[in-house]
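These are the residues of each chain, in order.
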Amino acid sequence: IPVSTTIGQLITPMAGLGFAIGMVDSSMMPELGYLGPAIAGSLVQGVGFKWMLYSMGFINFLYAPLMYFLKNPPPKTDEHQICELQGRGYSGRRPS
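The name given to the protein chain in an unreviewed UniProt entry is Chromaffin granule amine transporter, and the organism recorded there is Armadillidium nasatum.

Listed below in structure tokens is the structure:
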């Protein structure tokens, strides 16, 4: 995808990826629909709806600061990108 020069070169891999994700989601949804209410129901009965929501909010507040580090990831150098395109790992040394 990074070396695509036409719109067709972008559409084809994205369409394949979207189809693959859709297939996985459609196969998982019936199972999650069956297990989800059973797990959530026992959790609500155990701690109560109010405290379940408080705990979910607390977990979100603990998790949210980690998103700050994903805001500006370090950029890859040109050498990293060239090595990835050529299928070689980056060792930090210049090729001889």
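**Q** What's the story with the overall build of the protein chain in this structure? I'm lost.
**A** When helices and strands are tallied, the protein chain shows three helices and zero strands. Listed N to C, the secondary structure of the protein chain is α-α-α in terms of helices and strands. With the model as given, the accessible surface of the protein chain reaches about 8,700 Å², and the carbon-plus-sulfur share is 70%.

**Q** Where do I start with the UniProt feature "transmembrane region" (unreviewed entry) in the protein chain in this structure?
**A** Per the UniProt annotation, the sites labelled "transmembrane region" (unreviewed entry) are residues 51-70. With 95% helix and 0% strand, residues 51-70 has end C-alpha atoms that lie 30 Å from one another.

**Q** Would you take a moment to explain a nonpolar patch on the surface for this structure?
**A** Where nonpolar side chains cluster on the molecular surface, the patch consists of Tyr63, Leu66, Met67, Tyr68, Phe69 and Leu70 and spans about 720 Å² of accessible area. As for its position among the elements, Met67 is in helix α2 (residues 49-69). Met67 sits in the partly exposed class, given a relative accessible area of 36%.

**Q** Just to check I follow, could you spell out helix α1 (residues 7-47) for this structure?
**A** Each α-helix turn comprises 3.6 residues. Residues three or four places apart therefore point the same way. Between the first and last C-alpha of α1 there are merely 53 Å, a value that for 41 residues lags more than 12% behind the 60 Å anticipated at 1.5 Å per step. Residue Met29 marks the point of greatest curvature in α1, where the axis turns by about 35 degrees; the proline Pro30 follows within four residues. Where α1 ends, the next residue or the one after it, Gly48, has phi of about 95 degrees, a positive value.

**Q** Would you mind showing me how to read the confidence of the model for the protein chain here?
**A** Any region with low pLDDT has predicted coordinates that should not be read closely. Considering every residue of the protein chain, the mean pLDDT works out to 79; 74% of them sit at 70 or more. The least confident element of the protein chain, judged by mean pLDDT, is helix α3 (residues 78-86) at 64; the most confident is α2 at 88.

Cut-offs used in this document
- Residues numbered from 1 in each chain as written.
- Predicted model: local features only at pLDDT ≥ 70, side-chain atom pairs only at ≥ 80, totals over all residues.
- Heavy atoms only, no water.
- Helix = DSSP H or I, 4+ residues; strand = E, 2+ residues; numbered from the N terminus.
- Areas by Shrake-Rupley, 256 points an atom, 1.4 Å probe, with all protein chains shown as cover.
- UniProt positions renumbered as here; feature names shortened; annotations may be inferred.
- Patch = residues over 30% accessible without salt bridge, like charges linked within 9 Å, V, L, I, M, F, W, Y side chains within 5 Å.
- Salt bridge = Lys/Arg side-chain N within 4 Å of Asp/Glu carboxyl O.
- Buried < 20%, exposed > 50% of the residue type's maximum accessible area, 1.4 Å probe, protein only.
- Expected span 1.5 Å × (residues − 1).
- Bend = angle between axes of the 7 residues up to and from the residue.
- pLDDT = per-residue confidence, 0-100.

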